[in-house]
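Structural overview for review
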Amino acid sequence: MIDWLARETRFRAGFRDLVELVETQGWRLVVVSSGVRELIEPLLARQGLSRLEVVANELERDSWTVRFREAVTCAVCGERCKRPVVAGLASVGQVVYAGDGYSDACAAEAADVVFARARLAGHLEERCIPFQPFEDFFDVLHALLER
């Protein structure tokens, strides 16, 4: 399954360039995912990006059970979401968040600057929460360079 995903999965355009900018600037980049580490890390490794910090759920291979990174539910959304991770990062500096899906909604609300597309953009618009739209990571990279 991992081999198939590695062949079929494409990173959104500009991701590698964004990683290079972050590293050049000395900023911290954390991949925060609702997926499982055992699928994410091999994909990053095949792109030469195994050095990236990943916060994700883990898969217990013997039972195929997902072990969630958060043991408690979020006080804001009532789910085991990514918000506690983002809030923890915010405690040590400004957080720039980029996302597009359902699992990004609560976490993005805890970030200082948000880049959103698709479902996340709709969620933030409904709540009148400011964000910058993006289609690919080149958009994020250019916006960060303008700051």
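Reference entry: report on the structure contained in this document. All figures in this text were calculated on a predicted structure; none of them were measured in a lab.

In this section: the overall build of the protein. Looking only at helices and strands, one finds seven helices and six strands in the protein. In the protein, the succession of α and β elements from N to C terminus is α-α-β-α-β-β-α-β-α-β-α-β-α. Scaling as 2.2 N^0.38, a compact globule of 147 residues should have a C-alpha radius of gyration of about 15 Å, and the protein matches this with 15 Å. For the protein, the spread of C-alpha atoms along the principal axes amounts to about 45 × 35 × 30 Å.

Here we come to the environment of Gly88. Mapped onto the elements, Gly88 comes out in helix α4 (residues 83–90). For Gly88, a relative accessible area of 38% corresponds to the partly exposed category. In the structure, Gly88 is positioned 31 residues away from Asn57 in sequence and 17 Å away in space, judged by C-alpha atoms.

Turning to the pattern of salt bridges, a few remarks are in order. Scanning the entire structure with this criterion turns up twelve salt bridges. As a salt-bridge pair, Arg12 and Asp100 come within 3.2 Å of each other at their nearest N and O atoms. Pair noted here: Arg12 is in the loop between α1 (2–8) and α2 (15–25) and Asp100 is in the loop between β4 (96–99) and α5 (105–109), with a separation of 88 residues, a long-range link. What you see here is one network of salt bridges that share partners, running through Arg37, Glu41, Glu58, Glu60 and Arg67.

How each quantity is defined
- Residues numbered from 1 in each chain as written.
- Predicted model: local features only at pLDDT ≥ 70, side-chain atom pairs only at ≥ 80, totals over all residues.
- Heavy atoms only, no water.
- Helix = DSSP H or I, 4+ residues; strand = E, 2+ residues; numbered from the N terminus.
- Rg over C-alpha atoms; globule rule 2.2 N^0.38 Å.
- Buried < 20%, exposed > 50% of the residue type's maximum accessible area, 1.4 Å probe, protein only.
- Salt bridge = Lys/Arg side-chain N within 4 Å of Asp/Glu carboxyl O.

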